[in-house]
Amino acid sequence: MNEQKKNLKIYEYLDYREFLQDYYNFKKASSNSFSLRVFSDKIGFKAKDFISRVMNGEKNLSPSSASKIASGLNLSVRERSFFEALVLFNQADSTKERDNAFAQIQKILKLVRFKEKQHLMAFYQYEVFSHWRHLVIRSLIGMFGFSGDYESLAKQVQPKVTPDETKKSVELLEKCNLIQKKSNGEYFLTENAITTGNKTSKLALRGFHQHCLRLAIDSIDREEPSKRNISALTLGISKNSYDQIVEKINEFRKEIALLAEEDENADSVYQMNFQLFPVGGKK
């Protein structure tokens, strides 16, 4: 096994059997007690030769078996989807099935690469999220550029902000290394995509979300219906369904962010909010 595969990053594989074989070899090299029996028990199969026959190409995986292995290996939700897509790709009976599976593989890889290159805001979080205009101004600079005309930049923001407020936002964004200034005086984005990561201050995010919700409320009267999209659902669900919905929202949010990043004709900045909260139930 080469050095790269010691990390066992499933996204580097195009053959699920090779991934399973490398996983087994890696665990075996790490522990003398690891065996095919232990491996089979770990992923939930009683017959110790089943996984061996799968790795050797003598046996295929059913959808339920693929799901069982993904759970047994403690793969994340996206890794699990990737593994199951690999199984479909490797075992496809027709070109159409293989192409569909490959398209799913590429879709997942696209999201993975997008997430890996996102800029994590580790500093000045509270300041950046203290007002909605900071990230709006950052997006405007990314789309149209900026050379120091604060009055012109302020006019592009809605609801209205002052040139002085715009200047403070630019200074903050530069301090956070979210934008940089060239020698000719023009500003540019240091990263196309940014994310809060997993360690963002909850207090900082609370204020930011409150600002965004107020913007959404104001947009009902401020914008024509054709320029905004607001909808709502009232749902009766369990905790399990809640968790599944949250996961889908997280995946959808990343897909939307990727779509926006690839839009070469962007000419407007939109704020998109997701909310899911309790309004009734047992105490």
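Residues numbered from 1 in each chain as written. Predicted model: local features only at pLDDT ≥ 70, side-chain atom pairs only at ≥ 80, totals over all residues. Heavy atoms only, no water.

1. A closer look at the overall build of the chain
Right, on to step 1. For the chain, the helix and strand inventory stands at 12 helices and four strands.
Right, on to step 2. Its C-alpha atoms give the chain a radius of gyration of 24 Å, more than 25% over the compact-globule value 19 Å for 283 residues.
Right, on to step 3. For the chain, the spread of C-alpha atoms along the three principal axes comes to 70 × 55 × 40 Å.
Right, on to step 4. When the 283 residues of the chain are sorted by exposure, 31% land in the buried category.
Right, on to step 5. Nonlocal contacts in the chain, meaning residues at least 24 apart in sequence, comprise 60% of its contacts between residues at least 6 apart.
Right, on to step 6. Surface exposure of the chain reaches about 18500 Å², of which carbon and sulfur atoms provide 49%.
Right, on to step 7. Computed over 44 positive and 36 negative side-chain charges, the separation of the two mean positions in the chain equals 7 Å. (Helix = DSSP H or I, 4+ residues; strand = E, 2+ residues; numbered from the N terminus. Rg over C-alpha atoms; globule rule 2.2 N^0.38 Å. Buried < 20%, exposed > 50% of the residue type's maximum accessible area, 1.4 Å probe, protein only. Contact = heavy atoms within 4.5 Å. Areas by Shrake-Rupley, 256 points an atom, 1.4 Å probe, with all protein chains shown as cover. Lys, Arg positive; Asp, Glu negative; His and termini not counted. Charge placed at Lys NZ, Arg CZ, Asp CG, Glu CD.)

2. Focus: the environment of A232
Right, on to step 1. The topology assignment puts A232 in the loop between α11 (202–222) and α12 (239–261).
Right, on to step 2. Using a relative accessible area of 75% as the deciding quantity, one classes A232 as exposed.
Right, on to step 3. C-alpha of A232 to C-alpha of V170: the two residues are 62 residues apart in sequence and 35 Å apart in space.

3. Some remarks on the pattern of salt bridges
Right, on to step 1. Tallying each qualifying case throughout the model produces nine salt bridges.
Right, on to step 2. The residue R53 makes a salt bridge to E58 at a minimum N-O spacing of 3.7 Å.
Right, on to step 3. One salt bridge in this structure joins R78 and E251, with 3.1 Å as the shortest N-O distance. On the criterion of sequence distance, the pair formed by R78 in helix α5 (residues 77–91) and E251 in helix α12 is long-range, its members being 173 residues apart. (Salt bridge = Lys/Arg side-chain N within 4 Å of Asp/Glu carboxyl O.)

4. Looking at the environment of I108
Right, on to step 1. Relative to the elements of secondary structure, I108 occurs in helix α6 (residues 95–116).
Right, on to step 2. In this structure the C-alpha to C-alpha distance between I108 and E255, which are 147 residues apart in sequence, comes to 9.8 Å.

5. Brief notes about the confidence of the model for the chain
Right, on to step 1. On average, residues of the chain score 87 in pLDDT, and 90% of them are at 70 or above.
Right, on to step 2. Per-element confidence in the chain ranges from a low mean pLDDT of 66 for strand β1 (residues 119–120) to a high of 96 for helix α9 (residues 150–155).
Right, on to step 3. Note on residues 1–6: pLDDT is under 50 here. Beyond four places in sequence and across chains, it has 10 contacts. (pLDDT = per-residue confidence, 0-100.)

6. Points about the environment of A101
Right, on to step 1. Note that A101 resides in helix α6.
Right, on to step 2. For the pair A101 and A85, spaced 16 residues apart in the sequence, the C-alpha separation amounts to 5.5 Å.
Right, on to step 3. When residues no more than four places from it in sequence are discounted, the contact partners of A101 are A85, L88 and F89.

7. Here's the deal with unusual backbone geometry
Right, on to step 1. The peptide bond linking Q158 to P159 adopts the cis configuration, its omega dihedral lying at -5 degrees.
Right, on to step 2. Within the fold, P159 resides in the loop between α9 and α10 (163–175).
Right, on to step 3. We note that N74 has phi near 55 degrees; this positive angle belongs to a residue other than glycine.
Right, on to step 4. Considering the arrangement of structural elements, one finds N74 in the loop between α4 (63–72) and α5.
Right, on to step 5. The class of N74 is exposed, set by a relative accessible area of 62%.
Right, on to step 6. In this structure, N177 is a non-glycine residue whose phi angle is positive, near 65 degrees.
Right, on to step 7. Tracing the backbone shows N177 in the loop between α10 and β2 (179–181).

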